[in-house]
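# An overview of the molecular structure
Each chain is listed here by its residues.
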Amino acid sequence: MSMRRDVLPFSAPCLGDEEIAEVNAVLRSGWLTTGPRVEQFEAALAEYLGGEVQVVAVNSGTAALHLAVLGAGLGDGDEVITTPLTWPATANMIMLAGARPVFVDIDRQTLNLLPDQVERAITRHTKAVLPVHFAGLCCEMAALGETARRRRLCIIEDAAHALGAACPQGQAGCLGLAGCFSFHPTKPITTGEGGALVTADRQLADKARLLRFHGVTRGARARMSGTMEYEVTALGFKYNMLDLQAAIGLHQLARADQMRRQREQLATLYRRLLGELDGDLLDLPSPAPAGWRHAWHLYVVKLRLERLKLDRAAFRAALRERNIATGLHYLGLHLQPLYRRELGCRAEDFPNATWASERVVSLPLFAGMTDEDAAYVAQTVREVLSENAR
Ligand SMILES: *Cc1c(COP(=O)(O)O)cnc(C)c1O
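Residues numbered from 1 in each chain as written. Predicted model: local features only at pLDDT ≥ 70, side-chain atom pairs only at ≥ 80, totals over all residues. Heavy atoms only, no water.

## Looking at the site of the ligand
To keep things clear, this is the line we draw: A cutoff of 4 Å decides nearness: a residue is near a molecule or strand if any of its heavy atoms lies inside that distance of it. Residue-level accessible areas treat just the shown protein chains as cover; the underlying method is Shrake-Rupley with a 1.4 Å probe. Helix and strand assignments follow DSSP, with helices taken as H or I runs no shorter than four residues and strands as E runs no shorter than two, numbered in order from the N terminus. The residue classification treats Ala, Val, Leu, Ile, Met, Phe, Trp, Tyr, Cys and Pro as nonpolar and Asp, Glu, Lys and Arg as charged. All others, Gly included, are polar.
Inspection of the region around the ligand gives 16 residues, with Gly 61, Thr 62, Asp 158, Ser 182 and Lys 187 positioned closest. Starting from 380 Å² of accessible surface for the ligand in isolation, the protein chains cover 93%. Of all elements in the fold, only α3 (61–71) and α4 (88–96) reach the threshold of two or more residues within the shell around the ligand. At three residues, α3 tops the list of elements feeding residues into the shell around the ligand. Looking at the shell around the ligand residue by residue, the classes come out as six nonpolar, eight polar and two charged.

Below, the structure is given as structure tokens:
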């Protein structure tokens, strides 16, 4: 196969004329910040998720996590069980709220939290479990939900990868007290930057709405007297989403299912083209079990390093030389200086997460990619791995 001339990114947003026209309309309207489009986007996302939830749109997935953790009342002295194989935001928001992330090990195949490890990590300080639906495949919510009920813990989902995912318990983001989505450009849908907190709990939603904008309300007195006055009732943040962002999100959301299906078809194609190497030179991600829906945010393969003469960095460099960019999701947080220092984590305490941290590579996967792109990636991966098999 001849070398492609341009670099294939590992992810790229899929933006249509509708997004461009809507952003233009916002610019022409003169109202750029939080306004009618944000309200429309919140309503559309609630509808997409089945209509029973409150949606609080914010300016990042990180902000959604922060408000969820604070809204759930987590803070000093509380422990929150989560995965080390995630983006730093997951653990950082727990820590910024004053609580302590407690990492537990993951499954080598799905890279999701192991429910029995969660159970074993519970102490009298544990207040919540914060699962990440890795790459868009839901965690084992039946087991996690059962543990949470029995031990009186709340569940906050980091659903940054998982818009459109589902399992027998329901849709990702709606499986616990609160769900947090990210609309960063690499995520299932984008608003440029952005996020949303989703909850069926009205009190939590109200608290998140208050904290998202400085803790400022138009107080009851101001409302009753019809004046334009306001009150500061809580120590809040500046996490509001802009109408400019919501304008993009409205049209992305309308195409969310279509884009998910396109990614799913590409994942199926990868499995067909790389299946021969599966369990030999690398491990492919599993498709969703029957009755589940995978969001296919990422296509993460694990290299079988013991079978190869090259390491991950060399593998990624070989792909890059052939104009294929790859991603790295993730280097376990338990290996990073901050959490080693603050939480005392050690590599050997999470053998599966350490194993995964050394082997994961994200191959290109996004809705705008063609079958030819996927075939080029698969062919290149086959060549590089077979040339370097031991
Ligand atoms: C992207 C991501 C976040 C943070 O979302 P932002 O919108 O970038 O703030 C949090 N957790 C996970 C697992 C993510 O992938």
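## Points about the pattern of salt bridges
This is how the line gets drawn: A side-chain nitrogen of Lys or Arg and a carboxyl oxygen of Asp or Glu constitute a salt bridge if their distance falls within 4 Å. Each residue gets one of three labels from its accessible area relative to the maximum for its type: buried under 20%, exposed over 50%, partly exposed in between, using a 1.4 Å probe on protein chains only.
For the structure shown, the criterion picks out 21 salt bridges. Note that Asp 349 is salt-bridged to Arg 346, the shortest N-O span being 2.8 Å. The exposure class assigned to Arg 346 is partly exposed, which follows from its relative accessible area of 44%. Each member of the salt-bridge network shares a partner with another, and the members are Glu 119, Glu 146, Arg 150 and Arg 151.

## Some details on the sheet that holds strand β9 (residues 195–199)
Condition: If DSSP finds at least two bridges between two strands, the strands pair. Here, axes are lines fitted to C-alpha atoms. For helices the fit covers the stretch in contact, and angles between N-to-C directions go from 0 to 180 degrees. Here, residues are in contact when the closest pair of their heavy atoms is within 4.5 Å.
Taken together, the seven strands give an open sheet; going across it, the order is β1-β9-β8-β5-β4-β2-β3, and neighbouring strands pair in mixed fashion. The open sheet has two edge strands with one neighbour each: β1 (54–58) and β3 (100–103). Strand-to-strand twist across the sheet, computed as the mean angle between neighbouring axes with direction ignored, equals 25 degrees. Sheet strands touched by helix α2 (residues 36–48): β1 and β9. Its angle to β1, the strand with the most contacts, is close to 135 degrees. In this fold helix α7 (residues 202–212) packs onto β1, β8 (178–182) and β9, with an angle of close to 20 degrees to the strand it touches most, β1.

## Some thoughts on the sheet that holds strand β13 (residues 299–303)
Reading across the sheet, the three strands line up as β12-β13-β14 and stay open at both edges, with antiparallel pairing between neighbours. The open sheet has two free edges, formed respectively by β12 (282–283) and β14 (360–363), since each of these has just one partner strand. Of the pairings in the sheet, the one linking β13 to β14 comprises four bridges and is antiparallel in character. Paired with Val 301 across the two strands is Val 361, which belongs to β14. Lying over the sheet, helix α13 (residues 351–359) contacts β12, β13 and β14, oriented at roughly 50 degrees with respect to β14.

## Observations regarding the environment of Ala 162
By secondary structure assignment, the location of Ala 162 is in the loop between β5 (154–158) and β6 (166–167). Look past the residues within four positions of Ala 162 in its chain and what remains in contact with it is His 133, Gly 136, Ala 172, Phe 181, Pro 188 and Ala 295.

## Side note on the pairing of β9
Within β9, five of the five residues are buried, leaving the element largely enclosed by the surrounding structure. Covered by surrounding structure in β9 are Gly 195, Leu 197 and Thr 199 together with Ala 196 and Val 198, the residues of both alternating faces. Pairing geometry for β1 and β9, over five bridges, is antiparallel. Counterpart to Val 56 in the pairing with β9 is Leu 197. The pairing of β8 with β9 spans four bridges and is antiparallel. Along β9, the bridge assignment pairs Cys 180 with Leu 197.

## Quick notes on the domain arrangement of the protein chain
Note the following rule: The domain boundaries here were taken from an automatic or database domain assignment. Here's the idea: put two parts together, see how much 1.4 Å probe accessible area each one loses, and the total over both is what we call buried area. Nitrogen and oxygen atoms within 3.5 Å of one another constitute a polar contact, given that in protein one can donate a hydrogen and the other can accept it, and given that sequence-neighbouring residues count only through two side-chain atoms.
One can read the domain layout of the protein chain as domain 1 (17–254) and domain 2 (257–387). Here the C-alpha centre of domain 2 lies 26 Å away from the C-alpha centre of domain 1. Of the roughly 3200 Å² buried at the junction of domain 1 and domain 2 (both faces included), carbon and sulfur atoms supply 61%. If you look at where domain 1 meets domain 2, you find zero salt bridges. Where domain 1 packs against domain 2, one counts 18 residue pairs in polar contact (both at pLDDT 80 or more).

## Describing the side chain of His 334
Structurally, the position occupied by His 334 is in the loop between α11 (312–321) and α12 (337–343). Given a relative accessible area of 0%, His 334 falls into the buried group. Within the local environment of His 334, its side chain forms a polar contact with the side chain of Thr 354, the two groups lying 2.8 Å apart.

## Thoughts on α7
Within α7, burial applies to Leu 204, Ala 205, Ala 208, Leu 210, Leu 211 and Arg 212. Here the buried face of α7 lies against α2, β1, α3, β8, β9 and β10 (216–217). Between the side-chain oxygen of the N-cap and the backbone nitrogen of Gln 203 there are 3.0 Å, and the N-cap of α7 in question is Asp 201. Backbone geometry just after α7 places His 214 at a positive phi near 65 degrees.

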